[in-house]
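# Residue-level structural notes
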Amino acid sequence: MASGGTGDELVFFVNGKKVVEKNVDPETTLLIYLRRKLGLCGTKLGCGEGGCGACTVMISKYDNLQKKITHYSANACLFPICALHHVAVTTVEGIGNTKTRLHPAQERIAKSHGSQCGFCTPGIVMSMYALLRNAPEPNMEEIEDAFQGNLCRCTGYRPILEGYRTFAKDWGCCGRAANGPGCCKTEKENSANQGCCGKRGNGPSCCMNEKEENAVTISSSLFNPAEFQPLDPTQEPIFPPELLVSDFRTGICILPWGYAALYQETQNSKPHKQLCFKGERVMWIQPTTLQELVALKAQHPSAKLVVGNTEVGIEMRLKNMLYPVILAPAWIPEMNFVQHTDKGIAFGASCTLSLVEKVLSKAVAELPPYKTEVFKAVLEQLRWFAGLQIRNVASLGGNIMTASPISDLNPVFMASETQLTLASTEGKRIVTVDEKFFTGYRKTMLKPEEILLSIEIPYSRKGEYFSAFKQATRREDDIAIVTCGMRVLFQEDSHRVQKIKLSYGGMAPTTVLAVKTCQKLIGRDWNEKLMQEACHLLADEMNLSPSAPGGMVDFRRILTLSFFFKFYLTVLQKLSQQLNGNNNLSEMLPSSYLSATELFHKDPIANVQLFQEVPPGQAVEDTVGRPLVHLSAAKQACGEAVYCDDIPHYENELYCTLVTSTKAHAKIISVDTTETQSVPGFVYFISAKDIPGSNVTGIANDETVFADDTVTCVGHIIGGVLADTQEHSRKAAKAVKIKYEDLTPIVTIEEAIEKKSFFKRIRKINKGNVQKGFEESDHILEGEMYIGGQEHFYLETHCTVAVPKGEDGEMELFVSTQNLTKTQEFVANVLGVPSNRILIRVKRMGGGFGGKETRNTILSTVVAVAAFKTGCPVRCMLDRDEDMLISGGRHPFLGQYKVGFMNNGKVNSLEVSYYSNGGNSVDLSYGVMERALFHLDNAYNIPNVSSLGIVCKTNLSSNTAFRGFGGPQGMMIAECWMHDIAMKCGLPAEQVRKLNLYNEGDLTHFNQKLEGFTVQRCWEECLESSNYHARRKLIDEFNRQNRWKKRGMAIIPTKFGISFTVPFLNQAGALLHVYTDGSVLLTHGGTEMGQGLHTKMIQVASRTLGIPTSKIYISETSTNTVPNTSPTAASVSSDINGMAVYNACQTILKRLEPFKQSNPKGSWEDWIQAAYVNCVSLSATGFYRMPDLGYDFDKNEGKPFCYFTYGVASSEVEIDCLTGDHKNLRTDIVMDVGTSLNPAIDVGQIEGAFVQGIGLFTLEELRYSPEGNLYTRGPGMYKIPAFGDIPSEFYVSLLRNCPNSKAIYSSKAVGEPPLFLSASVFYAIKDAIFSARRESGLTEPFRLDSPATPERIRNACVDIFTKLCPSAEPGTFKPWSVRA
Ligand SMILES: Cc1cc2nc3c(=O)[nH]c(=O)nc-3n(C[C@H](O)[C@H](O)[C@H](O)COP(=O)(O)OP(=O)(O)OC[C@H]3O[C@@H](n4cnc5c(N)ncnc54)[C@H](O)[C@@H]3O)c2cc1C
Ligand code: FES
Ligand code: FES
């Protein structure tokens, strides 16, 4: 925080208001300043490392050299407050609000249903706003690019793009059919005018031809763009005039020619006065001239230059580095210029990457193509370099000087022999980026007193070709696994190599040059022989130890060859074009190889969401069944919605930072807090000895609030440091010294199996006679599949604020939790007070997904103890890395199967063993395993089943609930053997799947009868709407014509059991107060985490009471209004709370009945008034329990589920066989959600769950050291789906005419069931890999574990390159990482 600092005055503007800060601490970021000092809490902290965009703000500056105002988006979490001098900041609060007027960027995301939990929303609004300030009519590509640095975990992105598409100049059509027949615009007209959904082209199955009684109106309009206010750029807040008249020398000097002009321009403006800010530990100096800067550098050789702070900020925050002196070269003219020279384009080292992108794009457009080969390569790398917010501030010089081995630009600079100008008090010198420039891990040849002044990126010459490639886990905003720059220069008019440079990142501690390989290729002709020899040489030279840091060793080695092969083909293609057929080069390039040279391009997005409209005649104010907007969406879009950490700070509040174990399994020998106590602001170190009640906690009473003498996972909570501010408590926590005695950890499922480390309860579900089934089968297949875990990555991390009330042990806790009751119970238990003294309050969460069902209690109990001990309010919001480390996630599963089946693919018999990695405590692991076993059939009828479920006890943080709760893992393994069966039988997978589907009335393996089984209907509709069979043929054709790109397709059903499998949890309560003005305050047992539960509950109450939704309000969920609530989980919250709300409403209605009868024409308010004056209670509780539930594992009888939610999805993908990259081309989903309470919310749940599933099955990979240390602790290393990962074409259709008699207003649960449908993407990838393997003669079933990351895809596409990089023998080395 900006306190305790000394030095100059910092002057800047926030939302038009001038801020003069006299005590600036250079360690303070803009985000902290906004939230704490200015109370502007709309800007959110999601990660603190530039990886999520929740903190996006707009920065505006006056560029005095270019005489214009520049606006750009930036991450407030990395933006140093000291860099704000004479800058204007706009936050989400500065552009609109619900009291006066929403800005169109806020209104459109809200009304298009693009905000669920809302935690990401302000950041997304600000990215869009910054774009609109620069381009009021952007195109779709610009819109998509603007969001490269923003993440959303809830929505699945589609509605955000859909809403913002209305700003685009090319808006108007979904693009699916390019205005031809079937164009969405025609469809919408159809839908509006004639009631036809348009999806089935007026053919025999057209909805219009359906029987009268089935005919329903289908709509594809979840929102109406006609309601949007127009964007009026003249209405934007003005740039502060005080900054506009500044005649200071600021800005970028872009010079077409001539260095001298720089000084001419800049001499007219006067330099700023040098600034200096001193904080507790760090001093920031901002000099104004180069002379000053180099003198300062000579004086402080270890000082860090900071431009964008995107590297230094991370080092200081996450890597615990301290740089006491920071030099900011923002005002040095010689470092802020662009100059076209004879040899290329020179950039001052402080030029931002966005500027470089702009300048090079212009050069590429204007200069002859042969001159811009290197520029194009830089641009290709920048295309996938971080997000826009980072590129807007990160400098070119910063990227070089960071000297990261995975820098995207350094290989390009090395291969192109880019020249750098260095400066010091001794003068300037020019060096080339070559193999000697990087001298070690993050080290360069610069002397400590030297700085990088400028970078000259060269033009290419005639006969010179350049390419750059990068492969990352995720395409957008991800650091490279391997990256490269490749250059070849041919002898004149020939294809003989004169010079070649192949430079790689990700293959050593520095960017490297394949020197030996390059030497051997000189003088050789560019042909197949050269390619093959180069690959052999590279395989040898770019070798890696099997234990190399970063892991993925085989993949990285293969990539070096694949990239070269792509380069070879690209150059061959260009050569044959250039040499104009006077050669036989074109013959060396089969047409089926051409697509391997294509760079990734985005396809135009297209999507339609179809739902059944409410019946004609339904009252307008009855919103049930209508796409009502999430009732908090507008507040969320304006940054007004209050989350736990937005609660204003109490006067005497303390902050708590957890002290956690760095060992997975160890005895604690000592905890030394001596140094801690001397940190300014330190108050107290809490630990087990401070607990007034019981230290024992956890769902199975097998956990402790604080570790006593042994730690059982990295991240195990040992204590907590309390201090006056978050920064002080963090610093103090880092000073706690703990000594351990190591014990052997168990990390993986395999290790647990070997050591028989299991939790006690082992579950079995058996049906029929498995042995007989195998005997009667034509084939038996055995196999294994591993499904990795998943981090919840709710955008809002765990947070608790505990406020002791000072009387009788009372304490009020504001908690981000899905489970108030367990939080209350555990806090009461640790404090040794009855539950009635503990009040838990939840307004909303920034996402939960199961992660806040129980695991929030590990934080809430600690914070409660801290508040008890000190008598002060205590707050803690976990940093993203802490949250990922300590709070567990989805259980990894290992499934072993043996399946017997007939020649036609019909399954006879199945034997499966499921092992999950439970971590160090039981938590919800038994329930998760039971649900996995209940879903081992997915939607298939298996006559004979023998199954076993075992939870492994390991030394990882306890794994817990996650959307689907074991169901997705259980079903995934079913689809694995189903896919294998199809491959083994040589039959289309969809045929085998269809053959095995259940039918109405069938009994599941747990003997529950399937009633209202609609999978068959969903299946047929999905096949038809996706045009499955015709597209399958096109895919086969594509695969025949393309050797290195393959497409695949899969259609997958799902059947998801609805209800908690613990029967008593299927109960809910509600409390309804009607006030004398007729307004209704509703409370129920469920919590709002973005899923729209409160909105749906208000819809239910509105219909039941017969009053408009505007009269009903939900303020929060709390333990003093509805007691003993079940967690908001298992998808049933709408079902059970909806019925409880209904029940409460009915009670009120009954009481009102006499008044209605005596005044039938009266209004709601009249009846309420009458009831009040007649002393009738206007407060009612409601209660509901699901009937007839209960299942006995021993007898395999009873009913675990109230009903099932069904759906089917078909997905098509394209893989790059050389890099393992994949593109989600199209997904069609048909989902039975009964009669939807709110189609917009239900479609949002389907899309959000589906995209979260894409993350689970294709992207998100938790990586641990063999000792159990989690490496993936933030968005930098752990990749959830981004905007670019959703299917380009995304169609969702809610099944019509399928009312569900078992839930409120015939609806169905929807939160979890759609997640598994994303398995269609995984099996489409597997299908594509199968086609690739067939090219190498491999046609047998093969193993593909989840997630299908680029590494797994590439390694499975066996070919000549993979064979050159054989894997090291397992057991002969210690891998860098293991999967749990
Ligand atoms: C979310 C995120 C995503 C990222 N994605 C990518 C990516 O895709 N690819 C990639 O390659 N990198 C990536 N990075 C890394 C980083 O953004 C870049 O390295 C960036 O270019 C650094 O520039 P900066 O101005 O922010 O550097 P700073 O943090 O300001 O400085 C970085 C280092 O360079 C030194 N330095 C800066 N300028 C000079 C100079 N003129 N002379 C001497 N030393 C100097 C500093 O002292 C410091 O050591 C990412 C970072 C983040 C946070
Ligand atoms: S909080 Fe700044 S990017 Fe995540
Ligand atoms: S709405 Fe985007 S993270 Fe929740």
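Residues numbered from 1 in each chain as written. Chains lettered and ligands numbered in written order. Predicted model: local features only at pLDDT ≥ 70, side-chain atom pairs only at ≥ 80, totals over all residues. Heavy atoms only, no water.

The name recorded for the protein in an unreviewed UniProt entry is Xanthine dehydrogenase/oxidase, from Alligator sinensis. Heading Subunit (unreviewed entry) of the UniProt record for the protein holds this comment: "Homodimer." According to the UniProt record, the Sequence similarities (unreviewed entry) comment for the protein is "Belongs to the xanthine dehydrogenase family." (UniProt positions renumbered as here; feature names shortened; annotations may be inferred.)

### Regarding the site of ligand 1
In the region of ligand 1, 31 residues are neighbours, and Leu305, Val307, Thr310, Ser395 and Asp408 sit closest. A distance of 3.0 Å separates an oxygen atom of ligand 1 from a polar atom in the backbone of asparagine 309. Separating an oxygen atom of ligand 1 from a backbone N or O atom of valine 312 is a distance of 2.9 Å. Relative to its unbound accessible area of 980 Å², ligand 1 is 93% covered by the protein chains. Sorting the residues of the shell around ligand 1 by element identifies strand 11 (304–305), helix 10 (312–318), helix 14 (396–402) and strand 19 (451–458) as the ones contributing at least two each. Counting residues per element, the shell around ligand 1 draws most heavily on helix 14, at 4 residues. Taken together, the residues of the shell around ligand 1 break down into 15 nonpolar, 9 polar and 7 charged. (Near = heavy atom within 4 Å. Polar contact = N/O pair within 3.5 Å; in protein donor to acceptor, adjacent residues only side chain to side chain. Areas by Shrake-Rupley, 256 points an atom, 1.4 Å probe, with all protein chains shown as cover. Helix = DSSP H or I, 4+ residues; strand = E, 2+ residues; numbered from the N terminus. Nonpolar A, V, L, I, M, F, W, Y, C, P; charged D, E, K, R; others polar.)

### Topic: the pairing of strand 19
Strand 19 sits mainly inside the fold: 8 of its 8 residues count as buried. Inspection of the sheet shows strand 14 (residues 344–348) paired to strand 19 by 5 bridges, in the antiparallel sense. Looking across to strand 19, one finds that alanine 346 is bridged to glutamate 456. As paired strands, strand 15 (residues 419–424) and strand 19 are joined by 5 bridges and run antiparallel to one another. Its bridge partner being in strand 19, threonine 421 is matched across the sheet by serine 454. (Buried < 20%, exposed > 50% of the residue type's maximum accessible area, 1.4 Å probe, protein only. Pairing = 2+ DSSP bridges.)

### Focus: the pattern of salt bridges
Under the criterion given, the structure shown has 83 salt bridges. Between aspartate 742 and lysine 663 there is a salt bridge, with the nearest N and O atoms lying 3.5 Å from each other. With a gap of 79 residues between them, aspartate 742 in strand 32 (residues 737–742) and lysine 663 in the loop between strand 25 (654–660) and strand 26 (666–672) connect regions that are remote in the sequence. Overall, aspartate 742 belongs to the exposed group, its relative accessible area being 51%. Judged by its relative accessible area of 28%, lysine 663 is partly exposed. For arginine 1047, the salt bridge is made with glutamate 1214, and the minimal N-O distance between the two is 2.7 Å. Residue arginine 1047 is located in strand 42 (residues 1045–1058), and its partner glutamate 1214 is located in strand 50 (residues 1203–1216); the two are separated by 167 residues in the primary sequence. A residue is classified by how much of its surface remains accessible, and arginine 1047, at 22% relative accessible area, is partly exposed. Shared partners join several salt bridges into a network, and the residues in it are Arg35, Lys44, Asp645, Asp646, Glu653 and Arg875. (Salt bridge = Lys/Arg side-chain N within 4 Å of Asp/Glu carboxyl O.)

### Points about the sheet that holds strand 26
Pairing in this open sheet of 3 strands is antiparallel, and the strands run 30-26-32 from one edge to the other. What marks the edges here is a single partner per strand, and that holds for strand 30 (710–711) and strand 32. Bridge count for strand 26 against strand 32 is 6 bridges, and the pairing is antiparallel. Each bridged residue has a counterpart across the sheet, and for valine 671 the counterpart in strand 32 is isoleucine 738.

### Overview of the packing of aromatic side chains
One pass over the full model with this rule turns up 42 aromatic pairs. For the ring pair tyrosine 998 and phenylalanine 1013, a centre distance of 6.1 Å and an interplane angle of 85° mean the geometry is edge-to-face. One end of the pair, tyrosine 998, is in the loop between helix 29 (989–996) and helix 30 (1015–1025); the other, phenylalanine 1013, is in the loop between helix 29 and helix 30, and 15 residues separate them in sequence. Classification of tyrosine 998 as buried rests on a relative accessible area of 1%. On the basis of an interplanar angle of 85° and a centroid distance of 4.9 Å, the ring pair of tyrosine 1191 and phenylalanine 1193 is categorised as edge-to-face. No difference in accessibility class separates tyrosine 1191 from phenylalanine 1193, as the two residues are buried. (Phe/Tyr/Trp six-rings, centres within 6.5 Å; stacked < 30°, edge-to-face > 60°.)

### Looking at the sheet that holds strand 34 (residues 779–787)
Read from one edge to the other, the open sheet built from 5 strands follows the order 33-41-40-39-34, with strand pairing classed as mixed. Of all the strands in the sheet, just strand 33 (763–767) and strand 34 have a single pairing partner and so form its edges. Taking the axes of each pair of neighbouring strands and ignoring which way they run, one obtains an average angle of 10° across the sheet. With 9 bridges joining them, strand 34 and strand 39 (residues 893–901) adopt antiparallel strand pairing. Bridge pairing links isoleucine 787 to phenylalanine 893 in strand 39. Where helix 27 (residues 925–934) meets the sheet, it contacts strand 33, strand 39, strand 40 (907–919) and strand 41 (944–953), and its direction lies at approximately 160° from that of strand 41. (Axes fitted to C-alpha atoms, helices over the stretch in contact; angles between N-to-C directions. Contact = heavy atoms within 4.5 Å.)

### Concerning unusual backbone geometry
In this structure, proline 1347 follows serine 1346 across a cis peptide bond, with omega equal to 5°. Tracing the chain through its elements places proline 1347 in the loop between helix 36 (1319–1335) and helix 37 (1350–1356). Positive phi, normally seen in glycine, also occurs at methionine 552, with a value near 50°. By the secondary structure assignment, methionine 552 is in the loop between helix 17 (528–541) and helix 18 (553–578). Phi is positive for asparagine 1124, which is not a glycine, with a value near 55°. With respect to the secondary-structure elements, asparagine 1124 resides in the loop between strand 46 (1117–1118) and helix 33 (1133–1158).

### Things to note about the pairing of strand 26
The pairing of strand 26 with strand 30 spans 2 bridges and is classified as antiparallel. Following the sheet pairing, alanine 666 is matched in strand 30 by valine 711.

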